[in-house]
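Next come the chains, spelled out residue by residue.
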Amino acid sequence: MDTIWLTGAEWLAVLRIGLGLWWLESWRHKDKKGWFERGTGIAWASDVAAKHKWNAVRSGFDTVVAPRPKTMAYVVVYAELALGLGLIAGFLTPIALIGGLLLNLLYLVLMIHDWAEQGQNAMMALISLVALFAMSWQSWSLDNAMGLFL
């Protein structure tokens, strides 16, 4: 593979780190007090799920998220932080990429009518797939330094 300035593996690391920064920004800009104390994030998602055209989304939300809104708020917010830090540092990278892909797909399905969010979720999912299948942890990662996922 011919590349300019960096090797192919290093460009993939740039892509992985950029995705990690995107997840970190998703975490940073969240109103944590609103999510944790007032339940704003899960309340918003509940409203979206209740109006969803797919019964599986409505019933899935009612089964998994609605009974435990406070726990799910922490899961969502800290999952975004963990994904960001894991991808930036390249620690447990394949796990972070799969977890991020799944979270983006969940967001994509839940917000199927919100076209403003669809582009972001689709692009983050695509980057996750490319970074996963191209083994983006081969450069500039703790995984590589520790000999993980070779």
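Residues numbered from 1 in each chain as written. Predicted model: local features only at pLDDT ≥ 70, side-chain atom pairs only at ≥ 80, totals over all residues. Heavy atoms only, no water.

So, about the overall build of the protein. Assigned secondary structure in the protein consists of eight helices and zero strands. Taking the principal axes of the C-alpha coordinates as reference, the protein spans close to 50 × 30 × 25 Å. The 150 residues of the protein split such that 37% are buried. Contacts spanning at least 24 positions in sequence make up 71% of the contacts within the protein whose residues lie at least 6 apart. If you sum the accessible surface of the protein, you get close to 8600 Å²; carbon and sulfur atoms cover 70% of it. Looking at charge distribution, the protein has the averaged site of its 11 positive side-chain charges lying 9 Å from that of its 11 negative ones. (Helix = DSSP H or I, 4+ residues; strand = E, 2+ residues; numbered from the N terminus. Buried < 20%, exposed > 50% of the residue type's maximum accessible area, 1.4 Å probe, protein only. Contact = heavy atoms within 4.5 Å. Areas by Shrake-Rupley, 256 points an atom, 1.4 Å probe, with all protein chains shown as cover. Lys, Arg positive; Asp, Glu negative; His and termini not counted. Charge placed at Lys NZ, Arg CZ, Asp CG, Glu CD.)

Before going further, it helps to examine the layout of surface pockets. One way to see where empty space is left: roll a probe the size of a water molecule over the atoms. Within this model, the largest pocket holds a volume of roughly 850 Å³. Lining the largest pocket we find 34 residues, and of these A45, V76, L103, Y107 and L110 sit closest to its centre. Listed by contribution, the elements that provide at least two residues to the lining of the largest pocket are α1 (8-28), α3 (40-50), α4 (55-64), α5 (69-89), α6 (93-110) and α7 (115-133). In terms of residues, the lining of the largest pocket owes the most to one element, α6, which gives six residues. Class assignment for the residues of the lining of the largest pocket results in 21 nonpolar, eight polar and five charged. (1 Å grid on protein atoms, 1.4 Å probe; cavity = no way out; pocket = protein on both sides within 12 Å on 5 of 7 lines; lining within 4 Å. Points joined across faces, edges and corners; volume = space filled by probe spheres on them. Nonpolar A, V, L, I, M, F, W, Y, C, P; charged D, E, K, R; others polar.)

Let us look at the nonpolar core. Residues L19, W23, W35, I42 and L97 are the most contacted members of the largest nonpolar core, which totals 27 residues. Ranked by residues supplied to this core, first place goes to α5 with six residues. Among residues more than four places away in sequence, those in contact with W23 are E80, L83, G84, L87, G100, L103, N104, Y107 and M124. (Core = buried A, V, L, I, M, F, W, Y, C linked by side-chain atoms within 4.5 Å.)

Right, let's get into the packing of aromatic side chains. Scanning all chains against the criterion turns up six aromatic pairs. For the pair F36 and Y78, a centre-to-centre distance of 5.7 Å together with 10° between the ring planes defines the contact as stacked. On the criterion of sequence distance, the pair formed by F36 in helix α2 (residues 32-38) and Y78 in helix α5 is long-range, its members being 42 residues apart. The buried category is assigned to F36, whose relative accessible area is 11%. When the ring of W137 is compared with that of F149, the centres are 6.3 Å apart and the planes differ by 70°; the resulting orientation is edge-to-face. Of this pair, W137 sits in the loop between α7 and α8 (142-146) while F149 sits in the segment after α8, and the two are 12 residues apart along the sequence. The class for W137 is buried, based on a relative accessible area of 7%. Taken together, the ring pairs in this structure connect F36, Y74 and Y78 into an aromatic cluster. K32 extends its terminal NZ or CZ atom over the ring of W27, reaching a point 4.1 Å from the ring centre. (Phe/Tyr/Trp six-rings, centres within 6.5 Å; stacked < 30°, edge-to-face > 60°. Lys NZ or Arg CZ within 6 Å of the ring centre and 35° of its normal.)

Tracing the backbone through its elements, the reader meets R16 in helix α1. Buried charge without a partner: R16 forms no salt bridge, and the closest opposite charge is D143, 7.0 Å away. Among the polar contacts listed, one links the side chain of R16 to the backbone oxygen of W140, at a separation of 2.7 Å. (Salt bridge = Lys/Arg side-chain N within 4 Å of Asp/Glu carboxyl O. Polar contact = N/O pair within 3.5 Å; in protein donor to acceptor, adjacent residues only side chain to side chain.)

Before going further, it helps to spend a moment on the confidence of the model for the protein. Residue-level pLDDT values for the protein average 93, and 99% of them are 70 or greater. The secondary structure element of the protein with the lowest average pLDDT is α7, at 90, and the one with the highest is α5, at 97. (pLDDT = per-residue confidence, 0-100.)

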